[in-house]
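Descriptive analysis of the structure
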Amino acid sequence: VQLGAVVAIDARSVTSSDAAGKQSHVMLAEPLECVDVVGRSLVERMIEHFVAIDAVVSVLVEAGTSLPASFLPVAQKNVTIEVVSDLGSAITYKLDDYARQGIEYSFINWANAYAETDLLDLFCFHREARQTVTRTFDKEGPLSLCVVDCANAQSTSLGELSGDAESNGSSKYFIREYVARLAHPRDLRQLATDILRGRCQTGPSGRQIRSGIWIDERAEIHRRARLVAPAYIGRGSKVKADALVTRFSSIERDCCIDCGTVIEDSSILPNTSIGIWLDLCHGVASANKLLNLERDVVVEISDPSIMRSNADVRQSVVIVSERGEEPKKAADSDLRAPRQIADTWRFGDTLIQE
Amino acid sequence: MYTRGPVVVMELPEQLNKAGVRFFMEELQPLLETDRPCVVLDCSQIQHLDSAGVEMLLNCLGEAMKRDGDLKLAAVSPASAVILELMRVDRLFEVFETADEGVRSFQIFAPAANVQSQPWYAAGGGLAELKIAS
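Residues numbered from 1 in each chain as written. Chains lettered and ligands numbered in written order. Predicted model: local features only at pLDDT ≥ 70, side-chain atom pairs only at ≥ 80, totals over all residues. Heavy atoms only, no water.

1. Examining the overall build of chain A
What chain A contains, in helices and strands, is 7 helices and 34 strands. Here chain A holds 354 residues, and the buried ones make up 56% of them. Across chain A, contacts joining residues at least 24 apart in sequence account for 50% of those joining residues at least 6 apart. Carbon together with sulfur atoms contributes 46% to the accessible area of chain A, which is approximately 15700 Å² in total. (Helix = DSSP H or I, 4+ residues; strand = E, 2+ residues; numbered from the N terminus. Buried < 20%, exposed > 50% of the residue type's maximum accessible area, 1.4 Å probe, protein only. Contact = heavy atoms within 4.5 Å. Areas by Shrake-Rupley, 256 points an atom, 1.4 Å probe, with all protein chains shown as cover.)

2. Considerations on the confidence of the model for chain B
Residue and element names in this part refer to chain B. Per-chain confidence: chain B averages 81 in pLDDT, with 80% of residues scoring 70 or above. When pLDDT is averaged over each element of chain B, strand S4 (residues 38-42) comes out on top at 95 and strand S8 (residues 131-132) at the bottom at 35. Note that residues 109-134 has pLDDT below 50 and, in this model, 52 contacts with residues that lie over four places away or in other chains. As a predicted assembly, this complex carries a pTM of 0.79 together with an ipTM value of 0.73. (pLDDT = per-residue confidence, 0-100.)

3. Some thoughts on the sheet that holds strand S1 (residues 2-4) of chain B
Residue and element names in this part refer to chain B. Reading across the sheet, the 5 strands line up as S1-S2-S4-S6-S7 and stay open at both edges, with mixed pairing between neighbours. Of all strands in the sheet, those bounded by a partner on one side alone are S1 and strand S7 (95-96). Pairing geometry for S1 and strand S2 (residues 7-11), over 3 bridges, is antiparallel. Paired with Arg 4 across the strands is Val 7, a residue of S2. (Pairing = 2+ DSSP bridges.)

4. Thoughts on empty space enclosed by the protein
In this approach, a probe sized like a water molecule rolls over the atoms, and the result shows the empty space that is left. All names here are of chain A. Under the definition given, this model contains 2 cavities of 30 Å³ or more. Those elements that place two or more of their residues in the lining of the largest cavity are helix H1 (42-52) and strand S9 (113-115). By residue number, the principal contributor to the lining of the largest cavity is H1, which donates 3 residues. A per-class count over the lining of the largest cavity returns 6 nonpolar, 2 polar and no charged. (1 Å grid on protein atoms, 1.4 Å probe; cavity = no way out; pocket = protein on both sides within 12 Å on 5 of 7 lines; lining within 4 Å. Points joined across faces, edges and corners; volume = space filled by probe spheres on them. Nonpolar A, V, L, I, M, F, W, Y, C, P; charged D, E, K, R; others polar.)

5. With respect to the pairing of S4(B)
Residues and elements named next belong to chain B. For S4, a buried count of 5 out of 5 residues is recorded, marking the element as mostly surrounded by other parts of the structure. Residues Cys 38, Val 40 and Asp 42 point to one face of S4 and Val 39 and Leu 41 to the other, with burial holding for every one of them. Where S2 lies against S4, 5 bridges are found, and the strand directions are parallel. Bridging across to S4, Val 7 finds its partner in Cys 38. As paired strands, S4 and strand S6 (residues 70-74) are joined by 5 bridges and run parallel to one another. Within S6, the residue paired with Cys 38 across the bridge is Asp 70.

6. As for the pattern of salt bridges
Under the counting rule described, the total for this entry stands at 26 salt bridges over all chains. Ionic pairing is found between B:Asp70 and A:Arg210, a salt bridge with its closest N-O pair at 3.3 Å. Placement of the pair is B:Asp70 in strand S6 and A:Arg210 in strand S14 (residues 207-210), with the two residues belonging to separate chains. We classify B:Asp70 as buried; its relative accessible area is 4%. (Salt bridge = Lys/Arg side-chain N within 4 Å of Asp/Glu carboxyl O.)

7. Brief notes about the side chain of A:Arg189
Following the sequence through the fold, A:Arg189 ends up in helix H5 (residues 185-197). Residues contacting A:Arg189, with those up to four places away along its chain left out, are A:Arg247, A:Phe248, A:Ser249, A:Ser250, A:Asp265, A:Ser266, A:Ser267, A:Gly283, A:Val284 and A:Leu293.

8. Describing the nonpolar core
Core analysis: the biggest nonpolar cluster contains 55 residues, and A:Val7, A:Phe50, A:Val57, A:Val59, A:Phe107 and A:Leu188 have the highest contact counts within it. Look past the residues within four positions of A:Val57 in its chain and what remains in contact with it is A:Ala5, A:Val7, A:Ile47, A:Phe50, A:Val51, A:Asn78, A:Val79, A:Thr80 and A:Tyr98. Of all hydrophobic cores here, the second largest spans 27 residues; its members include B:Val8, B:Leu31, B:Leu84 and B:Phe93. (Core = buried A, V, L, I, M, F, W, Y, C linked by side-chain atoms within 4.5 Å.)

9. Structural notes on the pairing of strand S8 (residues 105-110) of chain A
All names here are of chain A. Burial runs high along S8: 6 of the 6 residues are buried. Burial of S8 is two-sided: the residues Tyr 105, Phe 107 and Asn 109 facing one way and the residues Ser 106, Ile 108 and Trp 110 facing the other way are all buried. Taken together, the 5 bridges between S8 and strand S11 (residues 141-149) define a ladder with antiparallel strand orientation. When the sheet's bridge partners are listed, Asn 109 is paired in S11 with Leu 145.

10. A short note on a negative patch on the surface
All names here are of chain A. A cluster of acidic residues, Asp 118, Asp 121, Glu 128 and Glu 177, forms a negative patch at the surface. Residue position: Glu 128 is located in helix H3 (residues 119-129). Judged by its relative accessible area of 66%, Glu 128 falls in the exposed class. (Patch = residues over 30% accessible without salt bridge, like charges linked within 9 Å, V, L, I, M, F, W, Y side chains within 5 Å. Lys, Arg positive; Asp, Glu negative; His and termini not counted. Charge placed at Lys NZ, Arg CZ, Asp CG, Glu CD.)

11. Some details on the side chain of A:Ser106
Residues and elements named next belong to chain A. By the secondary structure assignment, Ser 106 is in strand S8. A distance of 3.3 Å separates a polar atom in the side chain of Ser 106 from the backbone oxygen of Gly 4. Non-local contacts of Ser 106, meaning those with residues more than four positions away in its chain, are made with Gly 4, Ala 5, Val 6, Leu 95, Tyr 98, Cys 146, Val 147, Val 148 and Cys 150. (Polar contact = N/O pair within 3.5 Å; in protein donor to acceptor, adjacent residues only side chain to side chain.)

12. Some details on the packing of aromatic side chains
What the rule picks out here adds up to 3 aromatic pairs over all chains. Centre to centre, the rings of A:Tyr105 and A:Phe123 are 5.1 Å apart; their planes meet at 65°, and the pair counts as edge-to-face. Here A:Tyr105, found in strand S8, pairs with A:Phe123, found in helix H3; they are 18 residues apart in sequence, far enough to count as distant. Owing to a relative accessible area of 5%, A:Phe123 belongs among the buried residues under this scheme. On the numbers, 5.2 Å between centres and 65° between planes, the contact of A:Phe125 with A:Tyr173 is edge-to-face. Taken together, the positions of A:Phe125 in helix H3 and A:Tyr173 in strand S12 (residues 170-174) put the pair 48 residues apart, joining distant regions of the chain. By relative accessible area, which is 9% here, A:Tyr173 ends up buried. Across from the ring centre of A:Phe248, 4.2 Å away, lies the NZ or CZ of A:Arg197, which sits over that ring. The ring of B:Phe106 has B:Lys72 lying over it, and the distance from NZ or CZ to the ring centre is 4.2 Å. (Phe/Tyr/Trp six-rings, centres within 6.5 Å; stacked < 30°, edge-to-face > 60°. Lys NZ or Arg CZ within 6 Å of the ring centre and 35° of its normal.)

13. Notes on unusual backbone geometry
Looking along the chain, the bond that leaves A:Ala229 and enters A:Pro230 is cis, with omega of -5°. Although it is not a glycine, A:Arg218 adopts a positive phi angle of roughly 60°. Its location among the elements puts A:Arg218 in the loop between strand S15 (213-215) and strand S16 (220-221). Since its relative accessible area comes to 57%, A:Arg218 is described here as exposed. Its identity as a non-glycine residue notwithstanding, B:Arg36 has a phi of 50°, on the positive side. Locating B:Arg36 in the fold gives a position in the loop between helix H1 (18-32) and S4. Exposure remark for B:Arg36: the relative accessible area of 52% places this residue in the exposed category.

See below:
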């Protein structure tokens with residue numbers, strides 16, 4: 001039996017409360033499920049599960065979704081990505097398309113939850129239940145993974161498919177295995193910790209160089225840096241001299257941890273540079289934003305010598321000639337030159353230091 | 001002191017102060033001067049730990065790291081853990097409940113066995129390949 005799978009990613013940025021707990025800041029422009037966690041995003045991990053059972057996978061991305069650059073180049077057998085203006089109608093269209101291709105059953109997964117269930121067992125349960133939809137649940141409630149009959153799914157509402165609505169025409173499948181819901185950046189941290197602890201089947205990407213230490217391609221670790229297991233250093237990241245990465249910390253791709261800095265129980269999201277001799281604990285850092293998980297506040301740091309985005313520096317630094325010549329991109333040597341230090345630090349929206 | 005393969009397990013003395021450190025280091029120092037020393041320090045007997053003891057742990061860790069080895073702690077009592085935490089050195093060490101767990105953690109993994117297969121997106125493509133479906 002040929003199976004299909006639809007992975008839906010909706011456009012929403014990730015916000016967090018400020019110090020007062022009222023306003024929200026954009027912590028991440030991209031959806032959480034597209035952000036790398038210990039080397040690979042949740043969407044990638046989901047797709048791997050579907051590919052493993054030889055399902056034809058369609059990833060539907062709502063137009064306007066900000067995706068990390070590393071996510072965009074997609075090409076694998078049986079996996080296609082489509083940008084759609086309306087997820088609901090696109091899913092219906094895709095199921096219809098599957099039905100015409102002779103694919104009788106399809107999984108539908110909204111990408112904000114990840115479940116490590118046996119997909120074939122779920123499929124068999126669905127087929128035996130003889131319902132149009134089989135929705136999944138775990139101990140915390142409904143999950144956004146379901147199985148549908150492609151031919152009959154036209155008459156099923158999007159709410160039923162997403163698990164938001166009760167329906168008489170659906171069966172329920174209880175998942176006892178590992179489930180992760182991504183609703184807040186702290187969930188990224190929890191997922192990273194669970195992966196590094198080995199609480200779930202999915203593992204860190206890269207190579208385990210010694211017990212509990214995973215290093216991905218092109219990562220550079222200074223001889224005098226210390227990695228205390230379990231820890232993960234992502235693709236192309238640099239950990240400089242005397243830095244310490246400890247207690248389930250993950251440094252994602254293309255990050256830089258400068259000399260003497262301690263990263264403890266934290267996740268450093270892709271393209272983030274952390275300055276020298278800092279102590280970053282219990283947090284999630286992305287570019288110049290730091291979410292402290294103990295205090296549940298986001299701090300935006302405008303001093304690039306403390307925290308900054310690597311990607312921003314490369315993209316935004318443009319040298320303009322005083323003689324009115326065409327602007328040219330900065331060379332690597334220019335990027336290394338000290339940049340103008342921003343005037344202030346900002347704590348939420350409140351100025352705390354000149 | 002006993003060895004398990006390349007790993008040396010040593011029991012720290014009850015009094016890990018200046019005098020205790022001097023005596024203990026006479027035994028430990030030659031082990032740290034080997035290539036890639038793998039040492040597990042069993043802390044179960046420690047009754048008294050002061051700054052000299054903590055300094056010794058840090059020095060030993062530094063020596064082990066210089067030679068591409070490692071030093072791990074096992075069976076740290078709550079009282080010792082508090083002192084290590086207070087001095088913020090606990091995060092420098094891998095700490096295990098028993099010496100056996102510490103020994104097992106030194107197991108070297110075969111590099112090829114854990115290599116992640118090529119990521120699914122690595123075959124190329126890009127934005128141009130995305131198509132508007134609706």
